[in-house]
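# A closer look at the structure
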Amino acid sequence: MNILDVLQQSGGIETMARELGVNESVAQAGAAALLPSILGGFKKTTQAQPTGLDGLGGLLGQLGGGGLLDSVLGSPPTPVSQGNEILGQIFGSKEVSRTVAAGAEQQTGISSDLLKKMLPIVAMMVAGYMAKQSGDNSGNGGGLGGLIGGLLGGGSKASSGGLGGLGSLLDLDGDGNPLDDIIGMAGKLTR
């Protein structure tokens, strides 16, 4: 199961569609187009952290941890300021967010204005889910390092076996290598 399936099953896609007044299939297509860039942003952020995955775990905790996903699933409106804060951390500037939305518009035909509204909500769902998966509601990044250390490189417990937990969720095309998906999509950002 990939991360888009998880967001669908959690009710996040449905909640976002209802909140933005769009069809659920539009919300799902938008999220699918935005996810690789968001995941690429988290990967880049992890590599830039002096403490790697532990730093990312701490950052997720500071930004709201697992409560971010709960904020999206709770009663509307979603506090998108938290999502914008996440985007600021992983993309560095609003210009990157605009570029991501423009790229997703070309991919899906969904207006970039709508995609810009989806972006902070999808970022909150991903960050909240990653925090919940890592058991990291306290700001301690150890669990996250164990889950995605091998995936993002330089992490604590790189697994030699199959992808576990978050690694399999980040593998968008199901080929057993999530890095190609993340790097491929992050590469499209720079064009």
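Everything below is about the structure printed above this text.
In this report, the structure presented in the accompanying data block is examined.

Here the focus is the overall build of the protein. Scanning the protein from terminus to terminus reveals 11 helices and 0 strands. Along the protein, from the amino end to the carboxyl end, the secondary structure elements read α-α-α-α-α-α-α-α-α-α-α. Taking all 191 residues of the protein together, the buried fraction comes to 46%. For the protein, contacts bridging at least 24 residues in sequence account for 67% of all contacts bridging at least 6. Just so you have it, the protein exposes about 8300 Å², and 49% of that area is on carbon and sulfur atoms.

As a further point, take the nonpolar core. Ranked by size, the top nonpolar core spans 44 residues in total, and within it Leu 34, Ile 38, Phe 42, Ile 86, Val 122, Met 125 and Val 126 carry the most contacts. Secondary structure elements with two or more residues in this core: helix H1 (3–10), helix H2 (12–20), helix H3 (24–48), helix H4 (52–63), helix H5 (67–73), helix H6 (80–91), helix H7 (94–108) and helix H8 (112–133). Ranked by the residues each element gives to this core, the list is headed by H8, at 14 residues. The contacts of Val 122, once residues within four sequence positions are left out, are Met 16, Ala 31, Leu 34, Leu 35 and Ile 38.

Thresholds, definitions, all that
Residues numbered from 1 in each chain as written. Predicted model: local features only at pLDDT ≥ 70, side-chain atom pairs only at ≥ 80, totals over all residues. Heavy atoms only, no water. Helix = DSSP H or I, 4+ residues; strand = E, 2+ residues; numbered from the N terminus. Buried < 20%, exposed > 50% of the residue type's maximum accessible area, 1.4 Å probe, protein only. Contact = heavy atoms within 4.5 Å. Areas by Shrake-Rupley, 256 points an atom, 1.4 Å probe, with all protein chains shown as cover. Core = buried A, V, L, I, M, F, W, Y, C linked by side-chain atoms within 4.5 Å.

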